[in-house]
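# Structural description and commentary
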Amino acid sequence: EDFEAGSWAVITGLRRDGELNGKRCRIEGLDKDTGRLVVRLDGSNRYLRLKPANLRAEGAAAQAASAAAAPTQFSPLPLSWHETVDKASGLSYFWKESDPAGTVTWTRPRE
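Residues numbered from 1 in each chain as written. Predicted model: local features only at pLDDT ≥ 70, side-chain atom pairs only at ≥ 80, totals over all residues. Heavy atoms only, no water.

## Some points on the overall build of the protein
To be explicit about the condition: The secondary structure listing takes helices from DSSP runs of H or I that are at least 4 residues long and strands from runs of E that are at least 2 residues long, numbered from the N terminus. When a residue's accessible area, from a 1.4 Å probe over protein chains only, is under 20% of the maximum for its type it is buried; when over 50% it is exposed; and in between it is partly exposed. Note on contacts: a residue pair qualifies if any of its non-hydrogen atoms lie within 4.5 Å across the two residues. Calculation of accessible area relied on Shrake-Rupley with a 1.4 Å probe; when residues are assessed, cover is drawn exclusively from the protein chains displayed.
Per the secondary structure count, the protein includes one helix and seven strands. In the protein, the succession of α and β elements from N to C terminus is β-β-β-β-β-α-β-β. Split into buried and exposed, the 111 residues of the protein put 38% on the buried side. In the protein, once contacts between residues fewer than 6 apart in sequence are set aside, the share between residues at least 24 apart is 43%. Accessible surface for the protein amounts to roughly 6600 Å². Of this, 50% is attributable to carbon and sulfur atoms.

Below, the structure written as structure tokens:
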């Protein structure tokens, strides 16, 4: 399927992090380095990078209803935070340079 920024999809087929299957997400763009789509979970500031095969486009009616929503821009990570993609799941996780083991989170930190 072709996905456009601003369109909505449903997560499917994840083995690891299977609790995300069935969740609605907004397509934010393409990560050109990984070839994965950057998505934001509906009602959340959590961003993920997923293979297109793990997304199913929502119907045209649902997409038309959400077309008026303004696109979300990524805010920069706070100072000393880093983002890494988990190879097994394709999801991004975040960690602070001063305490990598104690600060790992799946939720994008905000300033």
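## What about the packing of aromatic side chains?
For clarity, the threshold we go by: What counts as a ring pair is set by centres within 6.5 Å for rings of Phe, Tyr and Trp (its six-membered ring), and what kind of pair is set by the plane angle: stacked under 30 degrees, edge-to-face over 60, tilted for all other angles. Either the NZ atom of lysine or the CZ atom of arginine qualifies as a charge over a ring when it sits within 6 Å of the ring centre and within 35 degrees of the ring normal.
Overall, the coordinates contain one aromatic pair when judged by the stated rule. Ring centres of Tyr 93 and Trp 106 lie 5.8 Å apart, and the angle between their planes is 70°; this geometry places the pair in the edge-to-face category. Here Trp 106 lies in the segment after strand E7 (92-96) and Tyr 93 lies in strand E7, a separation of 13 residues in the sequence. Here Arg 24 stacks its cationic end above the ring of Trp 8, 3.8 Å away from the centre of that ring.

## Topic: the sheet that holds strand E2 (residues 24-31)
Threshold: At least two bridges found by DSSP between two strands is the condition for calling them paired. The axes used here are C-alpha line fits, helices contributing only the stretch in contact, and every angle between their N-to-C directions lies in the interval 0 to 180 degrees.
Strand order in the open sheet formed by five strands is E4-E3-E2-E1-E5, with antiparallel pairing between adjacent strands. Either end of the sheet is taken by a strand with one partner, and the two such strands are strand E4 (47-50) and strand E5 (55-57). Each neighbouring strand pair of the sheet contributes to a mean axis angle of 45°, computed without reference to strand direction.

## Things to note about the nonpolar core
The line we're drawing: Throughout this description, the term nonpolar core refers to a set of buried Ala, Val, Leu, Ile, Met, Phe, Trp, Tyr and Cys residues connected via side-chain atoms within 4.5 Å.
Ile 11, Val 39, Leu 48, Leu 50 and Leu 55 are the most contacted members of the largest nonpolar core, which has 14 residues in total. For this core, the secondary structure elements donating two or more residues are strand E1 (8-11), E2, strand E3 (36-41) and E4. With three residues, E3 is the largest single contributor of residues to this core.

## Topic: the side chain of Ser 92
Condition: As used in this structure description, the phrase polar contact means that two N or O atoms lie within 3.5 Å; if the pair is within protein, one of them must be able to donate a hydrogen and the other to accept it, and residues adjacent in sequence are counted only when both atoms belong to side chains.
Examined against the element boundaries, Ser 92 turns out to sit in strand E7. Side-chain polar atoms of Ser 92 contact the side chain of Arg 49, separated by 2.6 Å. Polar side-chain contacts of Ser 92 include one of 2.9 Å to the side chain of Glu 83. Excluding residues within four positions of it along the chain, Ser 92 makes contact with Tyr 47, Arg 49, Glu 83, Thr 84, Val 85 and Trp 106.

Note that all results are geometric; they support no functional claim without further evidence.
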